[in-house]
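Residue-level structure breakdown
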Amino acid sequence: MTECLDSWAVLRWLEGEEPAASRVEASLPSRPVMSWINLGEVYYVVERAAGSDRADRVVRELRHELSLDLPTEARVLEAAHIKARHAIAFADAFAVATAIAHHATLLTGDPEILGANPAWPTADLRP
């Protein structure tokens, strides 16, 4: 099955936080999908913590590891539909919409996503 990453999963991988880091690392050979919106989240978090040079490197490296999904008009509206019905961040709604569109399991540990809808295809990466 295809896998999808959200920013929570990628940030834990970058930090080496287990068990998320090992699970994300294991998914990389199959080029998991990730929304550009969620990669943007990774970028701003890394830039705040380590500067824009480091954030640029992270994105450059991830472009080779992931299948990046540029949201279409339909994906934007699907994310908006998800956000309207669930108490999650809009960027999290893009992660969910991307996973659903690609028939993928969303690898995450974000409690907002994991607690919002048990029907969503997720895998909990928290310890």
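Residues numbered from 1 in each chain as written. Predicted model: local features only at pLDDT ≥ 70, side-chain atom pairs only at ≥ 80, totals over all residues. Heavy atoms only, no water.

For the rest of this paragraph, the subject is the side chain of Ser27. When you line up the elements, Ser27 lands in helix α2 (residues 20-27). Of the residues examined, Ser27 reaches a relative accessible area of 1% and is grouped as buried. Within polar-contact distance, the side chain of Ser27 engages the backbone oxygen of Val24 at 2.7 Å. Excluding anything up to four places from it in sequence, Ser27 contacts Glu3, Leu5, Pro32 and Leu107. (Helix = DSSP H or I, 4+ residues; strand = E, 2+ residues; numbered from the N terminus. Buried < 20%, exposed > 50% of the residue type's maximum accessible area, 1.4 Å probe, protein only. Polar contact = N/O pair within 3.5 Å; in protein donor to acceptor, adjacent residues only side chain to side chain. Contact = heavy atoms within 4.5 Å.)

What follows is about the pairing of strand β4 (residues 104-108). Burial analysis of β4 places five of its five residues in the buried class, which makes it a mostly covered element. Along β4, one buried face is formed by Ala104, Leu106 and Thr108 and the opposite face, lined by Thr105 and Leu107, is buried too. By the bridge criterion, four bridges tie strand β1 (residues 2-5) to β4 in an arrangement that is parallel. The residue of β4 that forms the bridge with Glu3 is Thr105. Pairing between β4 and strand β5 (residues 122-124): three bridges, direction parallel. Considered in β5, the bridge of Thr108 is made with Asp124. At this point the chain moves from β4, through helix α7 (residues 111-116), to the parallel β5, and the crossover so formed is right-handed. (Pairing = 2+ DSSP bridges. Right-handed = clockwise from strand over helix to strand, strands pointing away.)

In this section: the nonpolar core. Counting 19 residues, the largest nonpolar core has Leu5, Val42 and Leu125 as its most contacted members. Among the nonpolar cores identified, the runner-up in size contains 15 residues, and Val33, Ala97, Ala104 and Trp120 belong to it. (Core = buried A, V, L, I, M, F, W, Y, C linked by side-chain atoms within 4.5 Å.)

To continue, consider the environment of Ala99. Of note, Ala99 is situated in helix α6 (residues 90-101). Not counting residues up to four positions away in its chain, the partners in contact with Ala99 are Cys4, Ala104 and Leu106.

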